[in-house]
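# Geometric and topological summary
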Amino acid sequence: MRGEHGGIGLAGRTDPSKGEGEEDAGAAAGSLVIVTVEDGDPEFTKAIEEQLSVVTAWWKAGPEPGEGFVQTVLRAPEERHDVERFLHGSGIREAAEDEALVLYVTSHGAVGASARHFLLLPGTDTDRLPATGMPTNEVVIAALDSLARHVLVIVNACEAEGIDVELRALVRDLVRPGTPDRALNVVATTGARSPVLGREFAVVLRTAFAWFQDAAGITRPYLSISEFMQALEQATERLNEERDLSLAGPRTVLQGKLGVPVPTLPNPGYRPRPQVVTEAREEVAATPEELEYWLDRASGRAGPDDPGWYFSGRQEINRRLTSFVKGPAGVLIVTGTAASGKSAVLARAVTLSDSAFRASPRYAEAVAKAPADTVPDEGSIHVAVSARNRGPLSLIEAIGTRLGGEPDRTRPAADALRQWQEGLRAFFSDRRKGTVTVVVDGLDESPAAGACVRDVLVPLVGYAGGAGAADRVPLPAQATGPAPAGPPSGHGGLRLLIGVRSTSPGTPGAAAATGLRGLLQELLLVFPAAQVVRTDGEGVRADIAAYVSALLAGAPWGTGPKAIASAAQRVAGHVGRSFLDARLAAEQLRRDDGITLLRDPLWLSRLDRGTMGLFEQDLHRVGDDGLEREEALALLRATAFGLGRGMPWAQVWPAVASALLRARIDHADEKIRRLLEGRLAGYLTHDIEDEHVVYRPAHERLGAMLRRWPQPPHGTRRAPDGSG
């Protein structure tokens, strides 16, 4: 477009201030053209102002040239010529092909006897609409007939849907009408015999804007027209319910591909996710939020020479992992009771080995000050995946694609698992030198853990140091012939790290009850020479005490290092081998009066009961966050039933929670926000799946507890193996 200025009234770039924490939703240049027609009524003028405050915030100006939307506004035209002159001067018809063009029109309007829609200007004679009114579709077509490939038009006027018939005829004359990559979307806010939506549409837009900021959970920078319309529909329904209205809501009169994200619809909730590690290791690596927490001085750093607990804690276990990934082909099994820190130590090794992480100045100092023998060599771990909620095919595909392998397409397409088994065999056989390191965490969290061992890990036995006892393990049903023996000399080798939960040694009853001992034994049968590192062995209490000290550093009641160390030792003496319980206890001590809690026999008894007792303590105080106990419990429990990587918010989370509660949760989105900002937030973690944020319990142990709620009365003491 030629410029930022129109011909009438206020025209120019607006720069709405950003809300706290807002980021720009993409750097593609765009143009927002606004046409507002006032009627002299101060209330209608205020309604227009409210609409524009949302519109200019949604399609906002960027911080740098070429970013965001250049905003061009026509205010208060008096007659048709004013609008025509604006359309010519604004350059809307000359919008470039790669320019995202958005046109917003708000005005009174009317449909003539010819079924043609007109904008009603102050100088319009309703008996002479063709001569004195502004044909609405002339404004609309000015945008649609530009060269821009992506155009969005929103018409908020009386009887706005009346543009439909004429517009459908006019679009046949558009330039490149059949070009498949053009996305032309036109939205009308009102139907036949319906007045313009003044403040109502401002509320609808603002509600949709807020919904996209968190509840929608969409992680990409742009929305699709179907997502946009769904949000407007939901917002209209909510307004109707709250104000006892019967608005029909906006509808599309022209639309492109429904599910395709378009740059004319920036996502208000888009937050560029920091790329801490490369994609092949992202599933298991530490999250940006975790790393930022541990870099904070308030998180236990004694001074500038202290890298922090995350980088310097659990040194003996971290040395074992570091030594393994520097060595020859082989298998290392990291195991222990629930919440004893298996995933955390694997995540640390994966993160510190990543080249992108090591190249970041943000983390370089902490890595340099960490004990050198606990820091894996850069690039020493190639692939890291989680087996959580994965079956054999999903797991082997995740490993294979991240390694850069391909399935063997010569095998039957119906046997995808066999294709990947052969594809991985070819990958290692063709790799003549070097050893690849693969991390598989959460094997016990697979719904088909035994099948994952047989169908994914058994075929890799030979590349991890020898055939071992693979001939004594049942082979995949798809396989014919013996298990793969060691490939020819000079093949690529495999270092395999496996994270799997188990019971503590000496607790056969618990092992038999959970089946975890059998899974560990099966792994040792497949890999008889595997090294085993336990995260719940000797020294775990000292590790937990150091961890709690780091979490409590800077607590308002802490009078000095000795007081913090004493509190940490007290907590470590009650939580067994559970870092999860240690964290939950530390959060309660920081949030409340820690000295009083440590002297409270009731709190200490709850601490003895582990996760359940600590959860009851927080649930008892959830009213402080403005939540009802039963509703908060239902919202939290709902996340434990999510499949895949977690449960999306949107309409799903409230619906599942209401089903569990057996009652509707009113204003569920607001209550979820309170949950995520309150004392129960520590029981949840979030992830990304299919371009949506999803939520799940922070540990599978929490998930199991929430799924079987309420607890049986006899299960109130910590189990002998420390699993709580």
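What you see is a predicted model; the values in this text were computed from it and never measured. (Residues numbered from 1 in each chain as written. Predicted model: local features only at pLDDT ≥ 70, side-chain atom pairs only at ≥ 80, totals over all residues. Heavy atoms only, no water.)

## Topic: the packing of aromatic side chains
- Inspection of the entire model under this criterion finds 18 aromatic pairs.
- Ring centres of Trp58 and Phe209 lie 5.4 Å apart, and the angle between their planes is 70°; this geometry places the pair in the edge-to-face category. On the criterion of sequence distance, the pair formed by Trp58 in helix α1 (residues 42-58) and Phe209 in helix α6 (residues 199-213) is long-range, its members being 151 residues apart. Each member of the pair, Trp58 as well as Phe209, carries the same accessibility label: buried.
- Considering the side-chain rings of Phe615 and Tyr683, the 5.2 Å spacing of their centres and the 70° angle between planes classify their relative orientation as edge-to-face. Placement of the pair is Phe615 in helix α24 (residues 611-620) and Tyr683 in the loop between α27 (668-677) and β18 (684-689), with a sequence separation of 68 residues. (Phe/Tyr/Trp six-rings, centres within 6.5 Å; stacked < 30°, edge-to-face > 60°. Helix = DSSP H or I, 4+ residues; strand = E, 2+ residues; numbered from the N terminus. Buried < 20%, exposed > 50% of the residue type's maximum accessible area, 1.4 Å probe, protein only.)

## Some remarks on the layout of surface pockets
- Approximately 720 Å³ is the volume attributed to the second largest pocket.
- Within the residue set of the lining of the second largest pocket, elements represented by two or more residues are α6, α7 (225-243), α26 (652-661) and α27.
- The leading source of residues in the lining of the second largest pocket is α7, at 7 residues. (1 Å grid on protein atoms, 1.4 Å probe; cavity = no way out; pocket = protein on both sides within 12 Å on 5 of 7 lines; lining within 4 Å. Points joined across faces, edges and corners; volume = space filled by probe spheres on them.)

## Some thoughts on the nonpolar core
- Counting residues in each nonpolar core, the largest one holds 136 residues, and the members touching the most others are Trp59, Phe311, Phe615 and Trp653.
- Leave out the neighbours within four places in its chain, and Trp59 touches Leu32, Phe69, Gln71, Val102, Leu152, Ile154, Phe228, Thr264, Leu265 and Pro266.
- Core analysis: the second largest hydrophobic core is formed by 39 residues, Cys452, Leu494, Leu523 and Val526 among them. (Core = buried A, V, L, I, M, F, W, Y, C linked by side-chain atoms within 4.5 Å. Contact = heavy atoms within 4.5 Å.)

## Details of the side chain of Glu166
- Mapped onto the elements of the fold, Glu166 is located in helix α5 (residues 164-170).
- We classify Glu166 as buried; its relative accessible area is 18%.
- Side chain to side chain, Glu166 and Asn137 meet in a polar contact 2.8 Å long.
- Those residues in contact with Glu166 that lie beyond four places of it in its chain are Arg116 and Asn137. (Polar contact = N/O pair within 3.5 Å; in protein donor to acceptor, adjacent residues only side chain to side chain.)

## Structural notes on α1
- Given a rise of 1.5 Å per residue, 17 residues ought to cover 24 Å, and the 25 Å separating the end C-alpha atoms of α1 matches this to within 8%.
- Restricting attention to buried positions, one finds in α1 the residues Phe44, Ala47, Ile48, Gln51, Leu52, Val54, Val55, Thr56 and Trp58.
- For α1, the capping residue at the N-terminal end is Asp41, with a side-chain oxygen 3.0 Å from the backbone nitrogen of Glu43. (Expected span 1.5 Å × (residues − 1).)

## Notes on the side chain of Thr374
- Locating Thr374 in the fold gives a position in the loop between α13 (361-369) and β13 (383-386).
- Take Thr374: its relative accessible area is 1%, and that puts it in the buried class.
- Those residues in contact with Thr374 that lie beyond four places of it in its chain are Phe311, Gln315, Asn318, Arg319, Thr322 and Arg348.

## Notes on the sheet that holds strand β6 (residues 134-135)
- With antiparallel pairing, 3 strands are arranged side by side in an open sheet as β4-β5-β6. In this open sheet, the two edge strands, each paired with only one partner strand, are β4 (109-111) and β6.
- Here strand β5 (residues 117-119) pairs with β6 via 2 bridges, running antiparallel. If you follow Leu119 over to β6, its bridge partner there is Met134. (Pairing = 2+ DSSP bridges.)

## Comments concerning unusual backbone geometry
- Although it is not a glycine, Arg193 adopts a positive phi angle of roughly 55°.
- Exposure remark for Arg193: the relative accessible area of 73% places this residue in the exposed category.
- In this structure, His667 takes a positive phi of about 50° despite not being glycine.
- Along the polypeptide, His667 turns up in the loop between α26 and α27.
- His667 sits in the exposed class, given a relative accessible area of 52%.

## Some points on helix α25 (residues 629-639)
- The buried count for α25 comes to 9 of 11 residues, which makes it a mostly enclosed element.
- Those residues of α25 that sit buried are Glu631, Ala632, Leu633, Ala634, Leu635, Leu636, Arg637, Ala638 and Thr639.

## Considerations on the environment of Leu702
- Locating Leu702 in the fold gives a position in helix α28 (residues 700-707).
- Of the residues examined, Leu702 reaches a relative accessible area of 0% and is grouped as buried.

## Concerning the sheet that holds strand β10 (residues 251-254)
- Overall, mixed pairing links the 6 strands, which are arranged β2-β1-β3-β7-β8-β10 in an open sheet. Lying at the two open borders of the sheet, with one neighbouring strand each, are β2 (69-75) and β10. Along the sheet, successive strands turn relative to each other by an average axial angle of 15°, direction set aside.
- As paired strands, strand β8 (residues 183-188) and β10 are joined by 3 bridges and run antiparallel to one another. (Axes fitted to C-alpha atoms, helices over the stretch in contact; angles between N-to-C directions.)

## Thoughts on the pattern of salt bridges
- With the rule as written, the count across this model stands at 52 salt bridges.
- Its salt-bridge partner being Arg314, residue Asp543 comes within 3.3 Å of it at the nearest N-O pair. Note that Asp543 is positioned in helix α19 (residues 540-552) and Arg314 in the loop between α9 (309-312) and α10 (315-325), a separation of 229 residues in sequence.
- Residue Asp444 pairs with Arg501 through a salt bridge whose shortest N-O separation is 3.5 Å. Highlighted residues: Asp444 in the loop between β14 (435-441) and α16 (449-457) and Arg501 in strand β15 (residues 493-501), separated in sequence by 57 residues.
- It is possible to trace a salt-bridge network through shared partners that takes in Glu283, Arg390, Arg402, Arg645, Asp687 and Arg696. (Salt bridge = Lys/Arg side-chain N within 4 Å of Asp/Glu carboxyl O.)

## Observations concerning the pairing of β2
- Counting buried residues in β2 gives 6 out of 7 residues, a clear majority hidden from the surface.
- The pairing of strand β1 (residues 30-36) with β2 spans 7 bridges and is parallel. Bridge pairing links Leu32 to Gln71 in β2.
- Assessed by its sense of winding, the connection that carries the chain from β1 through α1 to β2 is right-handed. (Right-handed = clockwise from strand over helix to strand, strands pointing away.)

## What about the confidence of the model for the chain?
- On average, the chain scores 87 in pLDDT, and the residues at 70 or more come to 86%.
- Long-range and interchain partners of residues 2-28, a stretch whose pLDDT sits below 50, account for 76 contacts in this model, where long-range means more than four residues apart.
- Of the regions scoring below 50 in pLDDT, residues 506-515 engages in 9 contacts with residues more than four places distant in sequence or in other chains. (pLDDT = per-residue confidence, 0-100.)

## Things to note about the packing of helix α8 (residues 288-295) against α13
- Orientation of α8 relative to α13, taken along the N-to-C sense of each, is 55°, at an axis distance of 11 Å. With respect to their mutual orientation, α8 and α13 come out oblique. In this structure, the crossing between α8 and α13 has a hand that is left-handed. From α8, Leu291, Glu292 and Leu295 reach across to α13, where they touch Arg362, Tyr363 and Ala366.
- Taken together, the residues of the contact of α8 with α13 sort by class into 4 nonpolar, no polar and 2 charged. (Parallel < 35°, antiparallel > 145°, perpendicular 65-115°, else oblique. Left-handed = near helix turned anticlockwise from the far one by under 90°. Nonpolar A, V, L, I, M, F, W, Y, C, P; charged D, E, K, R; others polar.)

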